[in-house]
Amino acid sequence: MMVDGQFGQAGREVIVEEYLEGHEVSIHAFCDGKTATLFPPSQDHKRLLDGDQGPNTGGMGTYAPVHWVTQQMLDDIRKTIVMPVLRALSDRGTPFCGCLYPGLIHTRQGFKVLEFNARFGDPETQSYMRLLESDLAETLLACVDGRLEQAAVKWSAGSAACVVAASEGYPGDYQKGRTICGLEQAAAMDDVVIFQAGTSEVNGATVIAGGRVLSVTATAETLSAAVDRCYRAIGQISFEGMQYRRDIGAKGLR
Ligand code: GLY
């Protein structure tokens, strides 16, 4: 981590922490300072390569919900992790309104907190936006106005999958400017939506402009069907050096 200052200033200090072994789960909660409404649980895939190999990335794909996370587990997470943080922040005079995103590891001793983010996760949000049936803006306004309890947040009963297509070299240095093909064909498929991130337009062509280039998402009644659909869609897209994981969602299908 410290060789050649790979992570810049962030790599100058090392904190030794408990090693958490288990499956990672992303929890998101709308918060209005006093109360919280949890999203369905999702799972990110942080490593670049299949089987959780290779370097860490910003996230190579997600699916939601995670079926082995039961409603009882979610109720416990809300009660023992999310609400105590909201109460502590409120008691300090800094009530939190917005999206709280605790990253958890499900260990043999139960869920443990890896990190707290005060934002939506990426690429969790791509899957979430495919499942959210109620109005996001209305819910965010209810958070700001402190009336989240009155907001009806509604999620689809189906599943969503998201696969990220990254540039050659990512998460290290990558080439920009390569042309992306097949976007229109993929986007035309039923229940498929493509979120562009590291792209720009040059002379009418969509080209690479970032490390994580785009996220292909698909929804279906089951996770298995959502994952199949997502891979059929990303199979339509190509650019030189394109890399993506082939095992997104596999852990949820075991
Ligand atoms: N899913 C990783 C992040 O948003 O930090």
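Everything below is about the structure printed above this text.
Residues numbered from 1 in each chain as written. Predicted model: local features only at pLDDT ≥ 70, side-chain atom pairs only at ≥ 80, totals over all residues. Heavy atoms only, no water.

1. Structural notes on the environment of Gly33
- Here Gly33 is to be found in the loop between strand S2 (29-32) and strand S3 (36-38).
- Exposure remark for Gly33: the relative accessible area of 5% places this residue in the buried category.
- When neighbours within four sequence positions are excluded, Gly33 is seen to be in contact with Leu86, Ser90, Pro95, Phe96 and Cys97. (Helix = DSSP H or I, 4+ residues; strand = E, 2+ residues; numbered from the N terminus. Buried < 20%, exposed > 50% of the residue type's maximum accessible area, 1.4 Å probe, protein only. Contact = heavy atoms within 4.5 Å.)

2. Brief notes about the sheet that holds strand S14 (residues 212-220)
- Taken in spatial order, the 5 strands line up as S4-S7-S10-S14-S11 in an open sheet, and their pairing is antiparallel. Edge positions in the sheet fall to strand S4 (43-44) and strand S11 (192-196), since each of these pairs with one other strand and no more.
- Running at roughly 145° to strand S10 (residues 159-166), helix H2 (residues 124-131) makes contact with S4, strand S7 (61-64), S10, S11 and S14 of the sheet. (Pairing = 2+ DSSP bridges. Axes fitted to C-alpha atoms, helices over the stretch in contact; angles between N-to-C directions.)

3. Focus on unusual backbone geometry
- The omega angle of the peptide bond from Asp122 to Pro123 is 20°, so this bond is cis rather than trans.
- Structurally, Pro123 can be placed in the loop between strand S9 (110-117) and H2.
- A cis amide bond links Tyr170 with the next residue in sequence, Pro171, at an omega value of 10°.
- Of note in the backbone geometry, Asp52 takes a positive phi value of approximately 55° without being a glycine.
- The residue Asp52 is located in the loop between strand S5 (47-49) and strand S6 (53-56) in this model.
- Asp52 gets classed as partly exposed once you look at its relative accessible area, which sits at 32%.

4. So, the pairing of strand S8 (residues 97-107)
- Of all the 11 residues making up S8, 9 are buried; the element is thus mostly covered by neighbouring parts of the structure.
- Relative to S8, S2 is paired through 4 bridges, and the arrangement is antiparallel. Opposite Asp32, over in S8, you have Cys97 as the bridge partner.
- Looking at chain direction, S8 and S9 are connected through 7 bridges and run antiparallel. Paired with Tyr101 across the bridge in S9 is Asn117.

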